Amino acid sequence: MTEKWWKEAVVYQVYPRSFNDSNGDGIGDIPGIIEKLDHIKSLGVDVIWLSPVYKSPNDDNGYDISDYYSIMDEFGTMQDFDELLQGIHDRGMKLLMDLVVNHSSDEHAWFQQSKLSKDNPKRDYYIWKKGKNGGPPNNWQSFFSGSAWQYDEHTDEYYLHLFTKKQPDLNWENPALRQEVYKLMKFWLDKGVDGFRMDVISVISKRNYEDSPYSDFNDTIAHVYANGPKIHDYLKEMYQEVLCKYDAMTVGEGPGIDLENGIKYVAESEKELNMIFHFGHMFIDHGKGGRFDPKPIDFIEFKKVFADWDTKLKDQGWGSIFLGNHDFQRIVSRFGNDGEYWNKSAKLLCLLLMSMRGTPYVYNGDEIGMTNVAFGRIDDYRDVEIMNAYQEWKAEGKDLDKFLENVHINGRDNARTPIQWSDQKNGGFTSAEPWIKLNPNYPQINVLSQEHEADSILNFYRRMIQVRKDNPSLFYADFEDLDPSSEQIYSFKRWDESSIYLVVLNFSSDKIIYNLDCAGYDKVIGNYDTGLSYQNGQITLEPWEAVLLKKEQA
Ligand code: TEU
Ligand code: CA
């Protein structure tokens, strides 16, 4: 396994709109991030992944870009950005930009040109097709409800948008478009950014435009939208034209990427991407109807996802370890316990993230155990995915109270409420009306109060990240799940020539006596202050207890 800086890094994701508002307009911004760089640095992380900050009409909070070369007005100026990059580098950290090039905004100059006429030179930057039988070209559905085709009267054709109709898909078949993408990547890399997280990169190569035969949308994603015939040609070309010229870190986001096809994206021999985000454990509580059709988490399946990927990638590629981001629930509410065992379970999840093999990603706010939110009114939600799905349920006459319940469980705005900096007005996020309400629990859960508590989740993140750094074996050591069939315990082993580690995580609110041979092991860190309670081959685990044990190899 070759050693690389990005394999040894811990990444912290900033969602700028909700991070920190510096100028009192209710919207997080770049100067606001600069103000908090010392907080980020204090965690011990190495890399910041910034969700999109490019110019955008914000139909999908910046994932709809109207100019790849400038900064969103609400977030600041290019000068602010340069200062941010400098501030990050001065602190010895690196910056990953979000690269959103499956689609642009419909307000991008390319699209404005493209829709003018069928023979416009930019026409083929997007995907235009004739209708069929008085309707769209095929039955493809958008990720965000409704048909994936929008009719344009002016030229009597439809354009494809796998996301909202303000996010037309770019046509990667067109070499001129691909060169535009490479050019903008070089622009940012030449500025000094350290790499990219690539939005829905798995769907840039389209298949023939036949109807999807699947009724389950997840199947359509996996077998119709994702992993198209030219995906690997494009990524190889991108590597040759751009990435190989820089020491850049790349992580591709990949709905529809699975165990079978994932390795092709990240095998070192393929020269495409460093890592991918797969969704095995993220769609685990989505039913047939998608995220607004929630189902319980299958814990055994959850563990299996990590083990299977580790086995698959071993010696060939590298994994990313994440439990949440801006598209999913808060991790403590989803995989932990945000009631009685909030503190313990948030720490348990941190210990899990930091002791696996792969590069760990921390989503902003998780370092203080921010929780899901349950607004009582649909009007308090902002996410376009929620809004579109709501309109669809309404049009179909479905139960709207049920819909709101499902949003409470799985809606993306759970992860998008402002960061809770203090117990002051609006959690110290803004002096004005915030663009989305705060989680009302900010007086109890906030950065400032956790700063002062030795036992806080925040201080645990700092300690645990330091433990990972102090035990570099944890970067590359082998991984084995010791008890895949346990319904409550996640216990795994990591080992190399110098040391063996055992990680034991009690994912339950029960006290458990657990059979495990840990003779000769020392406790490195845990979320209870007690020593290791080990006797006769059994370890006693308190509710949501997490321990990392270590033994030097003779
Ligand atoms: O997300 C794409 C994706 O596959 C899903 O996780 C997505 O969140 C969708 O909600 C499925 O229900 C990426 C971005 O992370 C997301 O924020 C954007 O909205 C999307 O692409 C479009 O750019
Ligand atoms: Ca602002």
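Novice: So what exactly am I meant to see when it comes to the overall build of the protein here?
Specialist: Scanning the protein from terminus to terminus reveals 16 helices and 23 strands. By the compact-globule yardstick of 24 Å for 554 residues, the protein fits well, its C-alpha radius of gyration being 23 Å. Summarising its shape, the C-alpha atoms of the protein cover approximately 80 × 50 × 50 Å along the three principal directions. When each of the 554 residues of the protein is scored for burial, the buried share is 61%. Excluding contacts between residues fewer than 6 apart, the proportion of contacts in the protein whose partners are at least 24 apart in sequence is 69%. When the accessible surface of the protein is split by element, carbon and sulfur atoms take 47% of a total near 20900 Å².

Novice: What exactly am I supposed to notice about the packing of aromatic side chains here?
Specialist: Summed over the entire model, instances satisfying the criterion amount to 46 aromatic pairs. Judged by centre distance (5.8 Å) and plane angle (55°), the ring pair of Y390 and F403 falls under tilted. Taken together, the positions of Y390 in helix α12 (residues 384–395) and F403 in helix α13 (residues 400–410) put the pair 13 residues apart, joining distant regions of the chain. Site record: aromatic cluster; members linked through ring pairs are Y54, Y68, Y69, F81, W110, Y125, F187 and W188.

Novice: Mind showing me how you'd approach the coordination of the calcium ion (ligand 2) here?
Specialist: Between any two of four tetrahedral donors, the ideal angle at the metal is 109.5 degrees; between two of six octahedral donors, it is 90 or 180 degrees. The protein atoms donating to the calcium ion (ligand 2) are D21 (OD), N23 (OD1), D25 (OD), I27 (O) and D29 (OD), with metal-donor distances spanning 2.2 to 2.3 Å. Donor residues for the calcium ion (ligand 2), ordered by position in the chain, follow D-x1-N-x1-D-x1-I-x1-D. Assigned by exposure class, D21 and D29 land together as buried.

Novice: Help me out: how do you make sense of the site of ligand 1 in this one?
Specialist: Around ligand 1 there are 19 residues in total, and D60, D199, D327, E385 and R412 lie nearest to it. Measuring from an oxygen atom of ligand 1, one finds a side-chain N or O atom of R197 at 3.0 Å. Computed on the free molecule, ligand 1 has an accessible area of 500 Å², of which 97% lies beneath the protein chains in the complex. Residues that form the shell around ligand 1 fall into these classes: seven nonpolar, three polar and nine charged.

Novice: Explanation requested: the nonpolar core in the structure shown.
Specialist: Across soluble globular proteins, you tend to see nonpolar side chains buried next to one another. Core analysis: the largest hydrophobic core is formed by 149 residues, its most contacted members being F81, M97, W172, M185, Y490, L505 and F507. When residues of this core are assigned to their parent elements, the largest contribution, nine residues, is made by helix α11 (residues 342–355). Contact partners of M185, with chain neighbours within four places excluded, come to L99, F196, M198, M238, V242 and L243. Membership of the second largest hydrophobic core comes to 17 residues, among which are W140, I221, Y225 and V384.

Novice: Would you mind showing me how to read the pattern of salt bridges here?
Specialist: Pairing of side chains with opposite charge becomes possible as their charged atoms draw close. All chains considered together, the criterion is met by 42 salt bridges. A salt bridge links K304 to D308, with the nearest nitrogen and oxygen atoms 2.8 Å apart. One end of the pair is K304 and the other is D308, both in helix α9 (residues 299–313) and four residues apart, which spans about a single turn. One salt bridge in this structure joins K402 and E405, with 3.4 Å as the shortest N-O distance. Placement of both K402 and E405 in helix α13 is noted, with a separation of three residues, approximately one turn of the helix. Since its relative accessible area comes to 37%, K402 is described here as partly exposed. The partly exposed category is assigned to E405, whose relative accessible area is 43%.

Novice: Any chance you could explain the pairing of strand β1 (residues 11–14) here in plain terms?
Specialist: Looking down a regular strand, the side chains alternate between one sheet face and the other. The two faces of β1 match: V11 and Q13 on one face and Y12 and V14 on the other face are all buried. In the sheet, β1 pairs with strand β15 (residues 359–363) via three bridges, with the strands oriented parallel. Among the inter-strand pairings, Q13 is bridged to a residue of β15, identified as Y363. Where β1 lies against strand β2 (residues 47–50), four bridges are found, and the strand directions are parallel. Note on β2: the bridge partner recorded for Y12 is I48.

Novice: I would appreciate a short explanation of unusual backbone geometry in the present structure.
Specialist: Most peptide bonds take the trans form, and the phi angle of most residues other than glycine is negative. We note that D315 has phi near 65°; this positive angle belongs to a residue other than glycine. For D315, the location among the structural elements is in the loop between α9 and β14 (320–321). Non-glycine residue N536 carries a positive phi angle of around 45°. Within the secondary structure, N536 sits in the loop between β21 (534–535) and β22 (538–541).

Novice: Quick question: what am I supposed to make of helix α3 (residues 78–90) here?
Specialist: Because each turn of an α-helix spans 3.6 residues, side chains separated by three or four positions end up pointing in the same direction. Between its terminal C-alpha atoms α3 stretches 18 Å, which fits the 18 Å expected from 13 residues at 1.5 Å a residue. Along α3, the positions that sit buried rather than exposed are D80, F81, L84, L85, G87 and I88. Seen end-on, α3 carries its buried residues on one side only, within an arc spanning 160°. Relative to its buried face, α3 has exposed residues pointing more than 90 degrees away, namely Q79 and D90. Just past α3, the residue G92 takes up positive phi, approximately 75°.

Novice: Which parts of the structure should I look at to understand the sheet that holds strand β5 (residues 94–99)?
Specialist: Each strand in a sheet pairs with another by means of backbone hydrogen bonds, the pair being arranged parallel or else antiparallel. Taken in spatial order, the eight strands of this open sheet run β11-β10-β9-β5-β2-β1-β15-β14, and their pairing is parallel. Two strands in the sheet have a free side with no partner beyond their single neighbour: β11 (275–277) and β14. In the sheet, strand β9 (residues 195–198) pairs with strand β10 (residues 249–253) via four bridges, with the strands oriented parallel. What sits directly across from R197, in β10, is V251.

Novice: Looking at this structure, I do not really get the pairing of strand β8 (residues 157–160). What am I missing?
Specialist: Burial along β8 is two-sided: E157 and Y159 facing one way and Y158 and L160 facing the other are all buried. As judged from the two bridges shared by strand β6 (residues 128–129) and β8, these two strands associate in the antiparallel manner. Across the sheet, residue K129 finds its bridge partner in β8, namely Y158. Note: strand β7 (residues 149–152) against β8, four bridges, orientation antiparallel.

Novice: How should I be thinking about the sheet that holds strand β19 (residues 512–515) in this particular structure?
Specialist: As summarised here, the arrangement of the three strands in space is β19-β22-β21, forming an open sheet in which the pairing is antiparallel. Every other strand in the sheet has two partners, leaving β19 and β21 as the edge strands with one partner each. Summarising the sheet, β19 and β22 pair through four bridges and their orientation is antiparallel. Bridging from a neighbouring strand, I512 pairs with L541 of β22.

Novice: What exactly am I supposed to notice about the side chain of D98 here?
Specialist: Counting through the fold element by element, D98 comes out in strand β5. A relative accessible area of 0% places D98 in the buried class. What D98 contacts, discounting residues up to four positions off in sequence, is W49, L50, S51, P52, Y54, Y63, R197 and D199.

Basis of the calculations
Residues numbered from 1 in each chain as written. Chains lettered and ligands numbered in written order. Predicted model: local features only at pLDDT ≥ 70, side-chain atom pairs only at ≥ 80, totals over all residues. Heavy atoms only, no water. Helix = DSSP H or I, 4+ residues; strand = E, 2+ residues; numbered from the N terminus. Rg over C-alpha atoms; globule rule 2.2 N^0.38 Å. Buried < 20%, exposed > 50% of the residue type's maximum accessible area, 1.4 Å probe, protein only. Contact = heavy atoms within 4.5 Å. Areas by Shrake-Rupley, 256 points an atom, 1.4 Å probe, with all protein chains shown as cover. Phe/Tyr/Trp six-rings, centres within 6.5 Å; stacked < 30°, edge-to-face > 60°. Donors = N, O, S within 2.8 Å, 3.2 Å for Na, K, Ca; no water. Near = heavy atom within 4 Å. Polar contact = N/O pair within 3.5 Å; in protein donor to acceptor, adjacent residues only side chain to side chain. Nonpolar A, V, L, I, M, F, W, Y, C, P; charged D, E, K, R; others polar. Core = buried A, V, L, I, M, F, W, Y, C linked by side-chain atoms within 4.5 Å. Salt bridge = Lys/Arg side-chain N within 4 Å of Asp/Glu carboxyl O. Pairing = 2+ DSSP bridges. Expected span 1.5 Å × (residues − 1). Arc of directions from axis to C-beta.

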